[in-house]
Amino acid sequence: MGLDIPGATGSRPDAVPLDESGAEDLLRGICFKTGPPRTVGVELEWLIHDRERPDLPVGRERLDSAVEAVRALPLSAALTFEPGGQLELSSQPAGSLMECVDTTAADLAAVRASLGAAGLAPVGLGVDPWQPPYRRLREPRYEAMEAALDRAGPAGRAMMCTSASVQVCLDAGEEEPGPLGYGRRWQLAHLLGAVLVAAFANSPFQQGRRTGWRSTRQSLWADLDPGRTLAPGSGRAPREAWAAHVLDTTVLCIRCEEGPWDVPEGLTFREWIRTGSPRPPVRADLDYHLTTLFPPIRPRGHLELRMIDAQSGPDGWLVPLAVATALFDDPEAAETVYRAVKPLAETAGSPAAPRNPLWTKAAREGLADPELRAAATVCFGAALPALERMGASGAVRDTVAAFTDRYVARGRCPADDLPEPGDLAGRGLLTGPGKPTGPVPPAGPDVPTGPVDRPARGPERLVAGPPTIPPSPPRPGKAASA
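Conventions used here
- Residues numbered from 1 in each chain as written.
- Predicted model: local features only at pLDDT ≥ 70, side-chain atom pairs only at ≥ 80, totals over all residues.
- Heavy atoms only, no water.
- Helix = DSSP H or I, 4+ residues; strand = E, 2+ residues; numbered from the N terminus.
- Buried < 20%, exposed > 50% of the residue type's maximum accessible area, 1.4 Å probe, protein only.
- Areas by Shrake-Rupley, 256 points an atom, 1.4 Å probe, with all protein chains shown as cover.
- Pairing = 2+ DSSP bridges.
- Salt bridge = Lys/Arg side-chain N within 4 Å of Asp/Glu carboxyl O.
- Phe/Tyr/Trp six-rings, centres within 6.5 Å; stacked < 30°, edge-to-face > 60°.
- Lys NZ or Arg CZ within 6 Å of the ring centre and 35° of its normal.
- Expected span 1.5 Å × (residues − 1).
- Polar contact = N/O pair within 3.5 Å; in protein donor to acceptor, adjacent residues only side chain to side chain.
- Contact = heavy atoms within 4.5 Å.
- Axes fitted to C-alpha atoms, helices over the stretch in contact; angles between N-to-C directions.
- Parallel < 35°, antiparallel > 145°, perpendicular 65-115°, else oblique.
- Left-handed = near helix turned anticlockwise from the far one by under 90°.
- Nonpolar A, V, L, I, M, F, W, Y, C, P; charged D, E, K, R; others polar.

1. Topic: the overall build of the protein
The secondary structure content of the protein amounts to 18 helices and nine strands. For the protein, with 482 residues in total, the buried portion stands at 56%. Accessible surface, the protein: about 18600 Å² in total, of which carbon and sulfur atoms supply 54%.

And the structure:
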């Protein structure tokens, strides 16, 4: 029994205290597992709202009952819930894009039907446009996270309780250099990521008002504890950069068997190893520490793209999944897109994502920015033929083409089509975007089509008291996303 307690002594390898070199070796070995790109996954977060009045809060008993029904479904994906009650489906790794699309669509259909029987629906927006943060999960992890993130301001609670995303998971890449090499994919992700923020920005509101951001969700991430949400600094190879970043990031919490978890201030994991206080860290502590880091691209053996807002409508999630997979895994598209986004590094400058000018501009302006619009035009233009080469169905290609025509070709993003919060309830959140609002720029020949020339968790319960819902079984390898 004692060996299952973090930090307990014993002969098991994961109970042996870590030293620095051992921790670095583990990080270099587990975070970039290379091989020919062949698998893909997706994690979909949804806000849960009343189907007829999504602007009204859902009562605890009603939500608890709906959650119990959803948990009883025979889903392929892992089902978890975020601190504010957001539902998350995490697909199993799929051998192809279409396998991922088909299994996820089937799971979503079952979830929608179950929630619909309770008069509820999953809503795809990056930030809840109406409700203030309210944490429903009363687990030690989230008690500690709230305490730690509160030190940097209110963005932490808003992120935990009111945000939702589409997270695309792709293989790290090949060991050899080239368009599918892990080093190139790592660099591509941090530049293309800003384009994906801009193209899929879908959260212009918070608590009933416009925030001035197309992606308020991305602005929240940028306002969190910077060490926890920043990408590693440049200048090192990816494995070395990530290992140093992990060890030099502060520990969010130190778990214990009983009572609240300790929330140290300013203690990095490296310092924890060196001091061994309040107890020596073990492998399980390092694994847990990794789940408390939230960079825009998180290497977990694969690459987890975390910067995309949740998308409205039944098929909105499909577009970022298909586009990202095509641009990373098709060699021709990957090479084209790399040349298109590489000049964006000049705008990004030296600060790490997402706290640099490129990512800030993407979150605030979306594709209204000419440079990001031009890059997105190249990227989406490359994705369509790549999807055909990859065997994507006509329905998938048509969905991506429709998004490209509606938004990218016109320098728009989904946030530009949303009406004011008072008019938002019931309009397009469940069935997809309606008619565009405001002036629609033409899709003209003035948009460049080449590179841009530039001027110089664990078991949970969704209750605020004694548990009334059976906890979800833990999924091996599944890290909580918030």
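2. Let's talk about the pairing of strand 4 (residues 120-123)
Where burial is concerned, the two faces of strand 4 agree: the one with L120 and P122 and the one with A121 and V123 are both buried. Examined bridge by bridge, strand 1 (residues 40-50) and strand 4 share four bridges and lie antiparallel to one another. Residue pairing in the sheet places I48 in a bridge with P122 of strand 4.

3. Considerations on the pattern of salt bridges
In this structure the tally under the stated criterion is 33 salt bridges. Its salt-bridge partner being K361, residue E371 comes within 3.0 Å of it at the nearest N-O pair. Here the residue E371 occupies a position in helix 16 (residues 370-389), and K361 occupies one in helix 15 (residues 357-365), the gap between them amounting to 10 residues. Residue K361 is classed as buried on the basis of its relative accessible area, which comes to 18%. When salt bridges with common partners are traced through the structure, they connect E20, E24, D248, R270 and R274 into a single cluster.

4. Things to note about the packing of aromatic side chains
In this structure the tally under the stated criterion is nine aromatic pairs. When the centroid spacing of 5.9 Å and the interplanar angle of 50° are considered together, the rings of F200 and F380 count as tilted. Taken as a pair, F200 in the loop between helix 6 (182-199) and strand 6 (205-206) and F380 in helix 16 lie far apart in primary sequence, 180 residues in all. Here the two residues F200 and F380 agree in accessibility, since each one is buried. A ring pair is formed by W261 and Y288, whose centres lie 5.9 Å apart and whose planes are at 80°; its orientation type is edge-to-face. Of this pair, W261 sits in the loop between helix 9 (238-247) and helix 10 (269-275) while Y288 sits in helix 11 (residues 283-291), and the two are 27 residues apart along the sequence. Each member of the pair, W261 as well as Y288, carries the same accessibility label: buried. Counting every residue linked through ring pairs, the aromatic cluster contains F200, F380, F403 and Y407. The side chain of R112 reaches across the aromatic face of W46, ending 5.1 Å from its centre.

5. Focus on the pairing of strand 2 (residues 78-81)
With burial as the criterion, each face of strand 2 is covered, one bearing A78 and T80 and the other bearing L79 and F81. Judged from the four bridges that link them, strand 2 and strand 3 (residues 87-90) form a sheet pairing that is antiparallel. From the neighbouring strand, L79 faces strand 3, where its bridge partner is L89. Between strand 2 and strand 3, which pair antiparallel one after the other, the connecting turn spans five residues, and G85 there sits at a positive phi close to 95°.

6. Focus on helix 16
The terminal C-alpha atoms of helix 16, which comprises 20 residues, lie 29 Å apart, in line with the 28 Å expected from a rise of 1.5 Å per residue. Sitting at the amino-terminal end of helix 16 is D369, which places a side-chain oxygen 3.2 Å from the backbone nitrogen of E371. G391 sits one or two positions beyond helix 16 and adopts a positive phi of about 85°.

7. So, helix 4 (residues 140-149)
Since the α-helix advances by 3.6 residues per turn, residues separated by three or four positions end up pointing in the same direction. Where burial is concerned, most of helix 4 is hidden: seven out of the 10 residues are buried. Of the positions making up helix 4, those classed as buried are R141, Y142, A144, M145, E146, A148 and L149. Buried residues belonging to helix 4 abut strand 2, helix 5 (155-162), helix 8 (226-229) and helix 11.

8. Concerning the environment of R373
The residue R373 is located in helix 16 in this model. Taking relative accessible area as the criterion, R373 reaches 14% and is therefore assigned buried. Along the backbone, R373 and A198 are 175 residues apart, and their C-alpha atoms lie at a distance of 8.4 Å. In terms of polar contacts, R373 uses its side chain to reach the backbone carbonyl oxygen of A409, at 3.0 Å.

9. Here we look at the environment of E365
Along the chain, E365 falls in helix 15. When its relative accessible area of 30% is taken as the criterion, E365 is described as partly exposed. With 152 residues separating them along the chain, E365 and W213 place their C-alpha atoms 6.8 Å apart.

10. Focus on the packing of helix 1 (residues 20-30) against helix 11
Close contact between helix 1 and helix 11 brings their axes to 11 Å; oriented N to C, the two are set at 50°. Taken together, helix 1 and helix 11 sit at an angle that is classed as oblique. For the pair helix 1 and helix 11, the sense of crossing is right-handed. Judged by residue contacts, A23, L26, L27 and I30 of helix 1 engage R283, L286, D287 and L290 from helix 11.

11. Comments concerning the side chain of T216
Take T216: it is sitting in helix 7 (residues 216-223). Side-chain polar atoms of T216 contact the side chain of T211, separated by 2.6 Å. Setting aside residues up to four positions removed in sequence, T216 forms contacts with V127, S203, P204, F205, Q206 and T211.

12. A closer look at the packing of helix 2 (residues 60-71) against helix 3 (residues 97-117)
Any two packed helices are characterised by the angle at which their axes cross and by the distance between the axes. Orientation of helix 2 relative to helix 3, taken along the N-to-C sense of each, is 145°, at an axis distance of 9 Å. In this structure, the crossing between helix 2 and helix 3 has a hand that is right-handed. Note on element contacts: helix 3 touches helix 2 through V111, S114 and L115, opposite A66, A69 and V70. For the contact of helix 2 with helix 3, the residue count by class is five nonpolar, one polar and no charged.

13. Some words on the side chain of R217
With respect to the secondary-structure elements, R217 resides in helix 7. A relative accessible area of 2% places R217 in the buried class. Non-local contacts of R217, meaning those with residues more than four positions away in its chain, are made with G126, V127, S163, A164, S165, S203, R306, M307, I308 and D309.

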